[in-house]
Amino acid sequence: DTAVSQTPKYLVTQMGNDKSIKCEQNLGHDTMYWYKQDSKKFLKIMFSYNNKELIINETVPNRFSPKSPDKAHLNLHINSLELGDSAVYFCASSQDSGSTNYGYTFGSGTRLTVV
Amino acid sequence: QKEVEQDPGPLSVPEGAIVSLNCTYSNSAFQYFMWYRQYSRKGPELLMYTYSSGNKEDGRFTAQVDKSSKYISLFIRDSQPSDSATYLCAMAFTGGGNKLTFGTGTQLKVEL
C-alpha cells in the first residue's frame, strides 16, 4: 500500500496547456509539500500545507496553484505551461510543521515534459 | 551561490570500498541534517537524520556533522552495487516551517 502516491507518473503536454497533478498520502501526516527537481537533480520547495493551510509559498510563478481539499490530499494545478516548467515534481509529507521530525516521505514523482 | 553545496560526481568506486560523501553549507541556522538516497526514476528516501553536531551510525552508514566548519559527511562502509544511487544532503532549522534545503546530490556508482 503506497504511502505517498502521485498521479500521473508521466505527463507530456504542449506549451500553453493547463494541467493538474494529484497527490495523496495515507500516513496520517499533517504536512504536505510540493518540490520541483530540475534536470541537474536539484530539489527546491514550492509549497507546503499543514492541515489544509498554506504554510510555505516560495517564489513560484502564480501560474502554479496548489490546493489541499483535506490533509491527506494536495494537488497542483499549472496554467499556461512553459518549456521551463519541464521537471520532475515530487509530493512529500511529514508529521507536523511544528515538530522536530523532519523526515519526509516522498512520492515517486511526476515527470512533466512541455513540448 | 547555493546555500548547500555538494559535489555532483559521478563517483565510481569498487565493491567493498568505503565511500565518503560531503556537503558544505553557508547558513549557520541549520540544526537538522539529513541524507536522502534517490534511485533512478524514484523519489528520495530518508537514510540518516542528525540533530546538531556529532556522529550517528546505522549499520553500514555513518553521518557526521561539524557545525563549526559547516560541513557534513556520510560514510558508507563495505559499499555494495545496490548502494548505487544519488545521495542528497538536506538541512532545516527550527521555525523554518519544516522546509528542507537540499544539496544538488552526488551520483554514486559501486562497481563489481
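Everything here concerns the structure above.
Please read all numbers here as calculations on a predicted model, not as lab measurements.

**Regarding the environment of Ile56(A)**
- Along the chain, the position of Ile56(A) falls in strand E6 (residues 53-57).
- In the structure, Ile56(A) is positioned 34 residues away from Lys22(A) in sequence and 18 Å away in space, judged by C-alpha atoms.
- In this structure, Ile56(A) is in contact with Ile45(A), Met46(A), Phe47(A), Ser48(A), Gly96(B), Gly97(B) and Lys99(B), ignoring residues within four places of it in sequence.

**Here we look at the pattern of salt bridges**
- Scanning the entire structure with this criterion turns up 8 salt bridges over all chains.
- For Arg77(B), the salt bridge identified is with Glu57(B), shortest N-O distance 3.4 Å. You can see Arg77(B) sitting in the loop between strand E8 (71-76) and strand E9 (85-92) and its partner Glu57(B) sitting in strand E6 (residues 54-58), a full 20 residues away along the chain.
- Residue Glu57(B) is classed as exposed on the basis of its relative accessible area of 58%.
- Salt bridges sharing common partners tie together Lys44(A), Glu58(A) and Lys99(B).

**Let's talk about the sheet that holds strand E7 (residues 61-66) of chain B**
Residues and elements named next belong to chain B.
- Pairing is antiparallel across the open sheet formed by 5 strands, whose spatial order is E1-E3-E8-E7-E6. Two strands close off the open sheet at either side, each with one partner strand: strand E1 (4-6) and E6. Strand-to-strand twist of the sheet, defined as the mean angle between neighbouring strand axes without regard to direction, takes the value 15°.

The rules behind these values
Residues numbered from 1 in each chain as written. Chains lettered and ligands numbered in written order. Predicted model: local features only at pLDDT ≥ 70, side-chain atom pairs only at ≥ 80, totals over all residues. Heavy atoms only, no water. Helix = DSSP H or I, 4+ residues; strand = E, 2+ residues; numbered from the N terminus. Contact = heavy atoms within 4.5 Å. Salt bridge = Lys/Arg side-chain N within 4 Å of Asp/Glu carboxyl O. Buried < 20%, exposed > 50% of the residue type's maximum accessible area, 1.4 Å probe, protein only. Pairing = 2+ DSSP bridges. Axes fitted to C-alpha atoms, helices over the stretch in contact; angles between N-to-C directions.

Purely spatial values, then, with no claim about function.
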